[in-house]
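# Coordinate analysis (summary)
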Amino acid sequence: MPFISKIQRQSDYNHFPSSTPIVIDNGASYFRIGWAGENEPRVIFRNIVQRPRHKSTGETVTIVGDHDTALLRYFDCTRSGPRSAFDSNVVFQFEIMEYILDFAFDRLGANGSRIDHPILITECVCNPVQSRSKMAELLFETYGVPSVAFGVDAAFSYKYNQQHGICEKDGLAICPGFTTVHVIPFVDGEPVYKGCCRTNIGGYHVTDSLKQLLSLKYPHHMAKFTWEKVEDLKMEHCYIAPDYALEARLFQKGGKEAEDKTRCWQLPWVPPPTEEPPSEEEIARKAAIRERQGQRLREMAEAKRSSRINELENQLHGLEFLLHQLGQIQKEEISSFLSETGYVSKQEIESTLMKVSQSLRKAKGEPKAEQAENEKADSSTSEKYPLLNVPDNMLTPEQLKEKKRQIFLKTMTEGRQRAKQKRFEGDLEREKKNQKDEERRLENPELYLEQIRTKYKELYEKVEQRKRLKTNGGHTNGNNLSGGVGRGERLNAAQRERMRLLTTAAFDRGKGEDTFGAKDEDWQLYKLMSKDNDGDDDGADEEEAELARVCSRLQEIDPTFVPKPESTPLQAVTAEEPRVRLLTKEYFQILLGVERFRCPEILFHPNLVGIDQAGLDEMTGVSVRRLPSKDERLEDRLTSSVFMTGGCSLFPGINERLEAGIRMLRPCGSPIKVVRALDPVLDAWRGASAYAANLQFPQQTFSRADYYEKGEDWLRSYQLRYTL
């Protein structure tokens, strides 16, 4: 079976004799395996299994424990998440347990599927017989182990620390584990299972609570809160508050003390590049570049203009020479002469000559002789349009059609001339305005730049306000953003007034005979309702043109100017302006304040997460009351040696909080002492390793022959004796 793991395989498996037991601490969070008599386990990994498929080959691989997250991009993990063999600290998924044992024996160095060493494996307190029998069946039938022994992890940790003088023979062992908390009373070094109690709360629930709180507090960083990272944050920053209510009020008020207890987790962050304003040298360099480019463009334009003038002069001389020759030939030869030149008539040649002359004057920059042109046009009107002054009754039907055509042509020509004159006057006006602006700029450049910026801002706001009014009639969705509104809200002010007048008129005049228009005020109302009275768009084009001119002017004189983006009415209706977050250093900071003690508090108050069970301090009182003998001296000896083991006992302040809670339950003056294991995580395996190395350990195991002879029911009465 292919495995993916970062754990190296041991190479000294064959160096150990078959009588050396293998010690397994089968915890709900971590799996530890090693040899009896050693002080450290050989292999440690998370007790989870994942079986994804390879994206290219389709092969199913087994990922046990920790793995390299970079490898997961090659696998399809959508249908296979991490799975555990445990349910509330009890093994019930033995298919997954088989994968874990295969991987553990493989990394320990075993060759093949047969294990020829005795096995000491830990289990939870009062483990169900069904789970114990299935585990024995798995070890005997699948791996062929010669003998097996089952022991409680908390009991091994208690005995190991008892040998080092941490706790006494009589005491209470409290084991807050991954999914459950167990309390086991010890009398004369042996556990009293009738006094045990359990609460279904543990480190898993603390981590899950912290993950949910951080996800709600920082939803935009939710992907950063992986289970492994939140587990690290929990073990590094969480603590048990001596008084939960007092600590919560402290953070609610704020202040220096609450700020000192707040921890900050800085996410990876790269500061955005800062754009410094250009220096005077840079501005001068860009101005020089623009000047050189402008000079080059002017030279190119002058060369093109000279070429154009030469071409028009040659064309003009050719047309004058052609007219001179046309005046010297006889009338009979005119048609043949014109056919050779490509012109139809003398009038066409003269018209072309006039157009070329105008183009030549325009190219040379000479002022237009409008009066001369008008006089020439008036004198030539009779020649171009001879039928205009002839009465209609003197013309034939064909001549009437020709007269209408001549009238249309004359009207179009005069319209073009008027438009040309208007453009010319507008150009002169703009040129004068630009000259005045340039004079003002030269007098006081800073004041002129400030005035131009103010004018641009006012025009921009006015144009944007007009667009918003045209879009939704001045209504917004509460965020100064135009949203999806009804037709009535899309009408501007004049249109809404017209709708009101129409509604009023229909209501007043629609109940009887239709007499609208009989009175003078009706026609006044009609004028008010006329669509021609919409004056909202007057001046809009002029304002936008002026805004474009001011923007262009600012870009010329201010290199640092950046024009504002223009919003179209469609964008204003269909899309809201996105809420832009400033990607500062503070944006990528995760602050751990009240979460530091709120999450571990569920060990003492499970009802905070909806679990109606007793906390750690209450469990000690329940365990003492369940003891068969009601001896006060025994109870005092138990409470004077309260032993803490398990991963959750590493929280700072848990010993003091537990001691204060037990003191509230015991009579006044009762001796109370809470101690912690030397290593709450590994002492269970170390105690089991020392226990399996004892020469009398084989007497506490049951062999494969006993299993086949007595069956699974014999395991119901099996009980390990911890004092050898």
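## Quick word on the overall build of the chain
Within the chain, the regular secondary structure consists of 24 helices and 21 strands. Taken over 724 residues, the chain has a buried fraction of 38%. For the chain, the share of sequence-separated contacts (at least 6 apart) that also reach a separation of at least 24 residues comes to 69%. Here the chain has roughly 43,500 Å² of accessible surface; of this, 51% comes from carbon and sulfur atoms.

## A word on the packing of aromatic side chains
Inspection of the entire model under this criterion finds 24 aromatic pairs. Measuring from centroid to centroid gives 6.0 Å for Y239 and F597, while their planes differ by 45°, and the two rings are tilted. With Y239 in the loop between α5 (227-237) and α6 (244-253) and F597 in helix α19 (residues 595-598), this residue pair connects regions lying 358 residues apart in the sequence. The exposure class of Y239 is buried, given its relative accessible area of 12%. Measuring from ring centre to ring centre gives 5.4 Å for F251 and F597, while their planes differ by 45°; the resulting arrangement is tilted. Here F597 lies in helix α19 and F251 lies in helix α6, a separation of 346 residues in the sequence. F597 carries the same exposure label as F251, and that label is buried.

## Points about helix α23 (residues 683-692)
The buried fraction of α23 amounts to nine of the ten residues, a majority that puts the element mostly inside the structure. Residues D683, A684, W685, R686, G687, A688, S689, Y691 and A692 constitute the buried set of α23. Buried residues belonging to α23 abut β2 (22-26), β3 (30-35), β11 (119-123) and α3 (153-163).

## Quick notes on the side chain of T352
As for its placement among the helices and strands, T352 is situated in helix α10 (residues 346-364). Only 2.8 Å separates the side chain of T352 from the backbone oxygen of E348, close enough to count as a polar contact.

## Digging into the pattern of salt bridges
For the structure on display, the rule yields 37 salt bridges. Across the salt bridge formed by K364 and E313, the nearest N and O atoms sit 3.3 Å from each other. Highlighted residues: K364 in helix α10 and E313 in helix α8 (residues 280-328), separated in sequence by 51 residues. What makes K364 partly exposed here is its relative accessible area of 34%.

## What about α6?
By the burial criterion, the buried members of α6 are E247, L250 and F251. The buried residues of α6 occupy an angular sector of 90° when projected down its axis, which confines them to one face. Residues of α6 that are exposed and angled more than 90 degrees away from the buried face: L246, Q252 and K253. Turning to α6, the residues buried within the fold contact α7 (256-261) and α19. Phi turns positive, to about 80°, at G254, one or two residues after α6.

## Details of the confidence of the model for the chain
The share of residues in the chain with pLDDT of 70 or more is 85%, and the mean pLDDT across the chain is 84. Below a pLDDT of 50 lies the segment residues 474-489, which in the model reaches 23 contacts outside its immediate sequence neighbourhood of four places, other chains included. Across residues 569-578, where pLDDT falls below 50, the model places 13 contacts with residues more than four positions away in sequence or in other chains.

## Section: the sheet that holds β3
Strands sit in the order β4-β3-β2-β11-β12-β21 across an open sheet of six strands; the sheet is mixed. Here the strands that pair on one side only, and so sit at the sheet edges, are β4 (43-46) and β21 (702-703). By the bridge criterion, two bridges tie strand β12 (residues 147-152) to β21 in an arrangement that is antiparallel. The partner of V148 across the bridge, within β21, is F702.

## Here we look at the packing of helix α20 (residues 616-625) against helix α22 (residues 654-665)
Between α20 and α22, the least distance of the axes is 8 Å, while the angle of their chain directions is 45°. Here α20 lies oblique to α22, going by the angle between them. The way α20 lies across α22 gives a crossing that is right-handed. Of the residues in α22, those in contact with L616, D617, E618, T620 and G621 of α20 are I654, L658, G661, I662 and L665. Per-class residue counts for the contact of α20 with α22 are five nonpolar, three polar and two charged.

Each value, and the rule that gives it
Think of each chain on its own: its residues are numbered from 1, step by step along the sequence as written. Where local features are concerned, this predicted model is filtered to residues with pLDDT of at least 70; where side-chain atom pairs are given and counted, the filter is 80 or more; whole-chain, interface and lining totals use all residues. With hydrogens and water stripped out, all remaining heavy atoms of the structure feed into the side-chain values. Under the DSSP-based scheme used, a helix requires at least four consecutive residues in state H or I and a strand at least two consecutive residues in state E, with every element numbered from the N terminus. Throughout this description, buried means an accessible area under 20% of the type-specific maximum (1.4 Å probe, protein chains only), exposed means over 50%, and partly exposed covers the range between. The contact rule is simple, with two residues in contact once any of their heavy atoms fall within 4.5 Å. Only the protein chains shown count as cover for residues, and all accessible areas are computed by the Shrake-Rupley method using a 1.4 Å probe. Within 6.5 Å between ring centres, the rings of Phe, Tyr and Trp (the latter by its six-membered ring) count as paired, and their orientation is classed by plane angle as stacked under 30 degrees, edge-to-face over 60, tilted in between. Here a polar contact is recorded for every N or O atom pair within 3.5 Å, except that within protein the pair must consist of a potential hydrogen donor and a potential acceptor, and residues adjacent in sequence are included only if both atoms are side-chain atoms. For salt bridges, the criterion is a side-chain nitrogen of Lys or Arg within 4 Å of an Asp or Glu carboxyl oxygen. Working definition: the arc comes from the directions between the helix axis and the C-beta atoms, pointing outward to the latter. The predictor reports its confidence for every residue as pLDDT, a score running from 0 up to 100. By definition, two strands form a pair when at least two bridges between them are found by DSSP. Axis definition: a line fit to C-alpha positions, over the contact stretch in the case of helices; interaxial angles, taken between N-to-C directions, run 0 to 180 degrees. Just so you know how the angles are binned, under 35 degrees is roughly parallel, over 145 roughly antiparallel, 65 to 115 roughly perpendicular, and the rest oblique. Note: crossing handedness is left-handed where the near helix turns anticlockwise from the far helix by less than a right angle, and right-handed where it turns clockwise. Here the nonpolar group is Ala, Val, Leu, Ile, Met, Phe, Trp, Tyr, Cys and Pro; Asp, Glu, Lys and Arg are the charged ones; every other residue, Gly included, is treated as polar.

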